[in-house]
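Working through the structure, step by step
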Amino acid sequence: KLGSFVRKVGEATTGINMSNEPFAVIPFDAQKLISMEVVSCTGYSKTGQVLLTLAVKAKQEGVKTNLGKSCGNGNQECITAYDTSGATFEGQETGTFTQVVAQKECPLNIPVQYSFGFTGVPATLAGLEMARIEFYIAAKSGNVGSNMSKIEPIQVRNIPITWE
């Protein structure tokens, strides 16, 4: 158990893959405000669509999040998934594959779900190596986001796909 804990901390801190378990690499300033985990990643073989669902928890009161949107680009979608061979899949925040654009209120320590849809994913793909997610977080203690002060997007790695 200690080894698993050390691997997870190492992965989240360095972004270096030390296991096959999903993990999120969250920039330092954002780590003070949120935590994140993979809820599910479901593929639909008949349509080639994949739905990635993440849970975001606020670490302090008054946090609002916006994932998949770049700070300077309005409502432009900014989430890209990669497979192990480097193929890319552009994503869109969804509500059952319908675009959603509002910031979400995140109550303290209660998970708030975000779902992202990807199309054109081959049903033979076992998983996504990484999803790179632009973000913006508004908090009483200050705002933080990718494209602000050269902060990197959030990375979610080692995402297995369950095909239906």
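Placed above this text is the structure.
This text gives an overview of the structure that appears in the document.

1. Some points on the pairing of strand β12 (residues 154–160)
- Most of β12 sits out of view: six of its seven residues are buried.
- Bridge count between strand β1 (residues 23–25) and β12: three bridges; the pairing is antiparallel. Across the sheet, Phe23 pairs through a bridge with Arg157, a residue of β12.
- One ladder, built from six bridges, connects strand β9 (residues 127–133) with β12; its direction is antiparallel. In the sheet register, Met130 faces β12, and the bridge partner there is Arg157.

2. With respect to the side chain of Gln155
- Locating Gln155 in the fold gives a position in strand β12.
- Given a relative accessible area of 14%, Gln155 falls into the buried group.
- A polar contact is formed between the side chain of Gln155 and the side chain of Arg157, at a distance of 2.8 Å.
- Those residues in contact with Gln155, other than ones at most four positions away along the chain, are Phe23, Ala24, Val25, Met130, Ala131 and Arg132.

3. Comments concerning the sheet that holds β12
- The mixed open sheet is built from nine strands, whose spatial order is β1-β12-β9-β5-β6-β8-β3-β2-β13. Pairing within the sheet leaves two strands with one partner each, and these edge strands are β1 and β13 (162–163).
- Pairing of strand β5 (residues 79–82) with β9 involves four bridges; the strand directions are antiparallel. Following the sheet pairing, Ile79 is matched in β9 by Ile133.

4. A short note on the pairing of strand β10 (residues 135–138)
- Alignment of strand β4 (residues 63–67) against β10, held across four bridges, turns out to be antiparallel. From the neighbouring strand, Thr65 faces β10, where its bridge partner is Ile137.
- In this structure, β10 lies alongside strand β11 (residues 144–145), joined through two bridges in antiparallel fashion. Its bridge partner being in β11, Ile137 is matched across the sheet by Val144.

5. Structural notes on the packing of aromatic side chains
- Inspection of the entire model under this criterion finds one aromatic pair.
- On the basis of an interplanar angle of 5 degrees and a centroid distance of 6.3 Å, the ring pair of Tyr114 and Phe116 is categorised as stacked. Here Tyr114 and Phe116 have matching classes, each one buried.
- Directly above the ring of Tyr114 sits Lys104, whose terminal nitrogen or CZ lies 4.1 Å from the centroid.

6. A few points about the sheet that holds β10
- Pairing in this open sheet of four strands is antiparallel, and the strands run β7-β4-β10-β11 from one edge to the other. A strand with exactly one partner marks an edge of an open sheet, and here the two such strands are β7 (104–106) and β11.
- Where β4 meets β7, three bridges bridge the pair, whose relative direction is antiparallel. Considered in β7, the bridge of Thr65 is made with Lys104.

Here is what the cut-offs are and how they apply
- Residues numbered from 1 in each chain as written.
- Predicted model: local features only at pLDDT ≥ 70, side-chain atom pairs only at ≥ 80, totals over all residues.
- Heavy atoms only, no water.
- Buried < 20%, exposed > 50% of the residue type's maximum accessible area, 1.4 Å probe, protein only.
- Helix = DSSP H or I, 4+ residues; strand = E, 2+ residues; numbered from the N terminus.
- Pairing = 2+ DSSP bridges.
- Polar contact = N/O pair within 3.5 Å; in protein donor to acceptor, adjacent residues only side chain to side chain.
- Contact = heavy atoms within 4.5 Å.
- Phe/Tyr/Trp six-rings, centres within 6.5 Å; stacked < 30°, edge-to-face > 60°.
- Lys NZ or Arg CZ within 6 Å of the ring centre and 35° of its normal.

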